[in-house]
Amino acid sequence: MQLGAPSVHDAREAGEAELGDSAAGDAGAGGRAAGDTRAGDAAGKRRQAGQVAVRRPVVERIACWSARHKVIALLAWLAVVGGAVVAGHLFGTQSQPQYDPGPSGVAERMLSRLDVVTPPSESVLIQSKMPGPQYSFAADPQLRFAARDVVAALRALPGTASHIDSPFGRNGRALIAPGGGSVLITFQVAGPNSAADTTVLRALHAVAAIQARYPRLVVAEAGGASVDRAATAMMGQDFHKAAMTSVPLTLLLLLIVFGALIAAGIPVLLAAGAVTTAVSLLAIPSRWLPIGQGTSEVVLIIGMAVGIDYTLFYLRREREERAAGASCYAALRTAAATSGRAIVISGLTVMISLAGLLFTGIDMFTGFAIGTITVVGVAVASSLTALPALLSALGPWADRAKLPFLGKARTQARPSRLWIALVARVVRRPLLWGGLTVGVLGALALPALGMRLGSPAIDLPSSLPIVRTLDQIQHDFPDGPAPAQVVVEGADVNSQAMTDALAGLRAIASAGGPIAGPVSALPVGQGRGMLITVPLAGHGSAGNSFGALAALRGRILPATLGRVRGIAYAVTGDVANEYDFRSALRSAAPLVFGIVAALAFMLLLVAFRSLAIPVVSIGLNLLSVGAAYGLITLIFQDGRLESLLGFTSFGGIMDWVPLFMFVFLFGLSMDYHVFILSRIAERHRRGDTTPVAVVKGISSGAGVVTSAAVIMVAVFSIFATMSTIDLKMIGVGLAFAVLVDATVVRGICMPAALALLGERSWYLPRWLRWLPAARL
């Protein structure tokens, strides 16, 4: 594969010949006819002279066709975006239910077949703001009056609250805290689960009205539906703020990069078009696959990042060629042959990396993978078709509306003196520079060895009133044994053998050990199934709870329910869900890492026809990912910078964050590697030695890579300001990794590795020379 395309000096005449009919077409129909005649005469003369026409790579041919037929290409791009939006509205998003991995997911599917729906539960906490026994439930009449008012208000909302339990009921003692200073009133949200977030609002208003009547007390509500409502509202505000901040910030940085308003608007326009198209098209797979609510936000992050990156790479190369004296069409052809080809390789690598999420078997990642692969594919296609057409249509107008003092300077095609000086020193002493840098990054990655995966009880800021209410409920009413739910279905679920098995299960629970009593059994699905609640030892995610779950699944249930023929059973519940999710991540991570690395290796091997290049690229990517892992461990697990970033550490890293960061960063880092390596390979094919090619290639691409990195760091940093700790982790980790990759890795590690290898950097063993030369 010829990644190094002709430069402006080689391409000027060839670009005019290939696109000559387009240039003539700007003069009108007569000019088009004359241009076609001249092109035909020239082609005929070449054939008569016996010259063999060389078929150019497909990327170059697509770009040249789009530039010649700019109106058709732009109308087609608008039709695709508009058609996707219309299709999204017509189909509508109908996401399939998401199930947990492993046995928990099996149990959830069984519950779905049995039409079992567990309504969300809510709790109203009532306590005195003043400490002391005189303010206990027994001694303080205001506490009792407030509790009765809450019960009366909830009973007056039969379409909102059901199964109301209070301290005045039969089991009321369990709802009075030790010491009597706090009481709980619990209820279930009535109506369909899909509308629970809306239904619970009436209960929240009723509780707030009672709080206003009792200022000396705390009267607050929290539970599944109210927390979901608060989380949805907060996430909506966060992403609205991110969108409203990231787009103007990106446009401002692009204005500084290009020095012209029109040129700065092109990347934002195409990236926004790619995101709009991908988000709209998600309505189609959502009819068959689980596409979660957070998929659109992830598509927005990745789509804007890669869309702006790809357009920036292409546009800067085209402007550099024009600044060096090439015509518009010759510059477009050279940009397609260099940056366009690098965009295709980079896009394929990103899509391969993101496809690794499909191998996890976790429904949450399915939507992420499909959405992000779609938006990257659309961004690549836009860069190869709509972008050349738009630049051909604009011509010199792309540089209009220049900023004072910046407009002229930003169109100059000159290497970076800073990067020339740095890289020249690195290639002279590669072992010293490379060894020190790798040592520093390796030391930064060391904390990741002690990374603990987990999740907080609730992933919301502790400053939210509902979170404070939940914390107070947990403090005053500590959890008992965490229950597991055993779902049973089958023809013999109501048999005598099943009754005997339940008796045996209750006997084991009464003896103590991994499970405790009481064990309750509830017929469900009109007698087609049974839901058995089994309390586990420990508290939630503690190690002994996981041990109790393993004993229940591996020893206790096989010895009881396992002996009943004609039934099937599976265990779910909070502890089981968390255990199965972590187990799925642990088992899938090596597979995902291996598949992503192997496929990326093969792609780079074919693209560059070198054995060393993919090995170096993958190694450097892993180094930057490891450094990012170490940083988020230091900050979020160890609790550093809590006040600055606005979070409270729970002593671990969100369990899904490391895998997601790996596939995203692995693909994203290839943007810079492929672009820089393409420039280096281009110089090497012109006859430069590897050290000289490294210096020239990195310094010539320094401006665009630095600009792209600054934009990405700025956008990702916005997510560090969001409310949930998982988005803060992703924002900090991605911003740091991109910064390291675009500076330290690009400026020191890569040139040091290539300088040490020398001409062996381009070595392809004889036994691999059968590989096809990809002419993209």
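The rules behind each value
Residues numbered from 1 in each chain as written. Predicted model: local features only at pLDDT ≥ 70, side-chain atom pairs only at ≥ 80, totals over all residues. Heavy atoms only, no water. Helix = DSSP H or I, 4+ residues; strand = E, 2+ residues; numbered from the N terminus. Buried < 20%, exposed > 50% of the residue type's maximum accessible area, 1.4 Å probe, protein only. Contact = heavy atoms within 4.5 Å. Areas by Shrake-Rupley, 256 points an atom, 1.4 Å probe, with all protein chains shown as cover. Expected span 1.5 Å × (residues − 1). Polar contact = N/O pair within 3.5 Å; in protein donor to acceptor, adjacent residues only side chain to side chain. Axes fitted to C-alpha atoms, helices over the stretch in contact; angles between N-to-C directions. Parallel < 35°, antiparallel > 145°, perpendicular 65-115°, else oblique. Left-handed = near helix turned anticlockwise from the far one by under 90°. Nonpolar A, V, L, I, M, F, W, Y, C, P; charged D, E, K, R; others polar. Pairing = 2+ DSSP bridges. pLDDT = per-residue confidence, 0-100. Core = buried A, V, L, I, M, F, W, Y, C linked by side-chain atoms within 4.5 Å. Salt bridge = Lys/Arg side-chain N within 4 Å of Asp/Glu carboxyl O. Phe/Tyr/Trp six-rings, centres within 6.5 Å; stacked < 30°, edge-to-face > 60°. Lys NZ or Arg CZ within 6 Å of the ring centre and 35° of its normal.

S.K.: When you look at the overall build of the chain in this model, what are you seeing that I'm missing?
M.R.: Counting secondary structure elements, the chain contains 25 helices and ten strands. Considering the chain as a whole, with its 776 residues, one finds that 53% of them fall into the buried category. Contacts in the chain between residues at least 24 apart in sequence constitute 80% of all its contacts with a sequence separation of at least 6. Summed over its atoms, the accessible surface of the chain is roughly 32900 Å², and 63% of this surface lies on carbon and sulfur atoms.

S.K.: Can you help me understand helix α20 (residues 612–637) in this one?
M.R.: Each turn of an α-helix holds 3.6 residues, which means side chains three or four residues apart point in the same direction. The end-to-end C-alpha distance of α20, which contains 26 residues, comes to 36 Å, matching closely the 38 Å that a straight helix rising 1.5 Å per residue would cover. For α20, the buried fraction is high: 22 of the 26 residues fall into the buried class. Looking one or two places after α20, you find G639, whose phi comes out positive at around 80°.

S.K.: Looking at this model, I keep getting lost on the side chain of S700. Mind explaining?
M.R.: By the secondary structure assignment, S700 is in helix α23 (residues 690–700). Of the residues examined, S700 reaches a relative accessible area of 14% and is grouped as buried. A distance of 3.0 Å separates the side chain of S700 from the backbone oxygen of G697, its partner in a polar contact. Residues in contact with S700, not counting those within four places in the same chain, are E320, R679 and R683.

S.K.: Is there a simple way to explain the environment of A550 in this structure?
M.R.: Note that A550 resides in helix α18 (residues 543–559). The sequence separation of A550 and Y579 amounts to 29 residues, and the corresponding C-alpha distance is 9.6 Å.

S.K.: When you look at the packing of helix α14 (residues 417–428) against α23 in this model, what are you seeing that I'm missing?
M.R.: How two helices sit against one another is set out by the angle between their axes and by the gap between those axes. Here α14 crosses α23 at 155°, and the two axes come no closer than 9 Å. One finds that α14 runs roughly antiparallel with respect to α23. Taken as a pair, α14 and α23 cross one another with a handedness that is right-handed. Residue-level inspection shows W419, I420, V423, A424 and V427 of α14 in contact with α23, the latter providing P691, V694, V695, I698 and S699. A breakdown of the residues in the contact of α14 with α23 according to their chemical character gives nine nonpolar, one polar and no charged.

S.K.: Could you clarify how one ought to interpret the pairing of strand β3 (residues 182–189) in this entry?
M.R.: A regular strand carries its side chains on alternate faces of the sheet. Summarising burial for β3: seven of the eight residues are buried, a large majority. Inspection of the sheet shows strand β1 (residues 121–128) paired to β3 by seven bridges, in the antiparallel sense. Bridge assignment links Q127 to a residue of β3, and that residue is S182. Sheet topology places strand β2 (residues 161–165) next to β3; three bridges connect them, and they run antiparallel. From the neighbouring strand, D165 faces β3, where its bridge partner is T186.

S.K.: Please explain the packing of helix α4 (residues 70–91) against helix α13 (residues 386–394) as it appears in this structure.
M.R.: Following both chains from N to C, one finds α4 and α13 inclined at 130°, their axes separated by 9 Å at the closest point. Considering their axes alone, α4 and α13 lie oblique with respect to each other. Note on packing geometry: the crossing formed by α4 with α13 is left-handed. Contacts between α4 and α13 involve K70, A73, L74 and W77 from the former and A386, A389, L390, S392 and A393 from the latter. Broken down by class, the residue content of the contact of α4 with α13 amounts to seven nonpolar, one polar and one charged.

S.K.: Looking at this structure, I do not really get unusual backbone geometry. What am I missing?
M.R.: The backbone of D115 shows a phi angle near 60°, a positive value even though the residue is not glycine. Mapping D115 onto the fold places it in the loop between α5 (102–113) and β1.

S.K.: I keep staring at the sheet that holds β2 and nothing clicks. Help me out?
M.R.: One open sheet holds the four strands; their spatial order is β2-β3-β1-β4, and the pairing between them is antiparallel. Lying at the two open borders of the sheet, with one neighbouring strand each, are β2 and β4 (217–223). Averaged over all pairs of adjacent strands, the angle between their axes in this sheet comes to 20°, without regard to strand direction. Of the strands in this sheet, β1, β2, β3 and β4 touch helix α6 (residues 141–155), which is tilted by about 155° from β1. Together, β1, β3 and β4 form the strand contacts of helix α7 (residues 196–213), whose direction differs from that of β4 by roughly 175°.

S.K.: Just to check I follow, could you spell out the confidence of the model for the chain for this structure?
M.R.: Fine structural detail should not be taken from predicted coordinates in areas where pLDDT scores are low. Mean pLDDT over the chain: 82, with 89% of residues reaching 70 or higher. The least confident element of the chain is helix α1 (residues 8–25), whose mean pLDDT is 39; the most confident is helix α15 (residues 430–445), at 94. Throughout residues 1–53 the model reports pLDDT below 50, and contacts reaching past four residues in sequence, or to other chains, amount to 76 contacts.

S.K.: How should I be thinking about the nonpolar core in this particular structure?
M.R.: For soluble globular proteins, the rule of thumb is that nonpolar side chains tend to be buried together. Core analysis: the largest hydrophobic core is formed by 154 residues, its most contacted members being Y314, V376, F636, W656, V657, I680 and F716. Excluding anything up to four places from it in sequence, V376 contacts I302, V306, Y310, G347, V350, M351 and L354. Grouped together as the second largest cluster of nonpolar side chains are 27 residues, A484, V488, A501 and L505 included.

S.K.: Can you help me understand the pattern of salt bridges in this one?
M.R.: For side chains bearing opposite charge, pairing can occur when the charged atoms are close. The tally for this structure, following the rule as stated, stands at 14 salt bridges. For D140, the salt bridge is made with R216, and the minimal N-O distance between the two is 2.9 Å. With D140 in the loop between β1 and α6 and R216 in the loop between α7 and β4, this residue pair connects regions lying 76 residues apart in the sequence. By relative accessible area, D140 is classed as buried at 4%. Where K696 meets D688, a salt bridge forms, and the shortest distance between an N and an O atom there is 3.6 Å.

S.K.: Help me understand the packing of aromatic side chains, please; the structure alone is not making it clear to me.
M.R.: The geometry of an aromatic ring pair is captured by the separation of the ring centres together with the interplanar angle, meaning the angle of the planes. By the definition in use, this model includes twelve aromatic pairs. Here the aromatic rings of F664 and F716 are separated by 6.0 Å at their centres, their planes lie at 80°, and the arrangement is edge-to-face. Placement of F664 in helix α22 (residues 657–685) and of F716 in helix α24 (residues 702–719) is noted, with a sequence separation of 52 residues between them. What links up through ring pairs into an aromatic cluster is the set F365, F368, W656, F660, F664 and F716. Stacked on the ring of F168, the Lys or Arg R148 has its end atom at 4.1 Å from the ring centre.

S.K.: Help me understand the sheet that holds strand β6 (residues 483–490), please; the structure alone is not making it clear to me.
M.R.: Consider a sheet: its strands pair through backbone hydrogen bonds, and that pairing is either parallel or antiparallel. If you walk across this open sheet you meet the four strands as β7-β8-β6-β9, and the pairing is antiparallel. Of all the strands in the sheet, the pair left with one neighbour each is β7 (520–524) and β9 (567–572). For this sheet, the mean inter-axis angle between neighbouring strands, taken without regard to orientation, is 20°. The sheet contact formed by β6 and β9 spans six bridges and is antiparallel. Paired with V488 across the two strands is Y569, which belongs to β9. Across the sheet, α5 lies against β6, β8 (529–535) and β9, angled at about 120° from β9, the strand it touches most.

S.K.: In this structure, what is going on with the environment of S669? I would like to understand it.
M.R.: Within the element layout of this structure, S669 appears in helix α22. With 323 residues separating them in the primary sequence, S669 and S346 have C-alpha atoms 8.9 Å apart. Each residue touching S669, except ones within four places of it in the same chain, is listed here: N621, S624 and D741.

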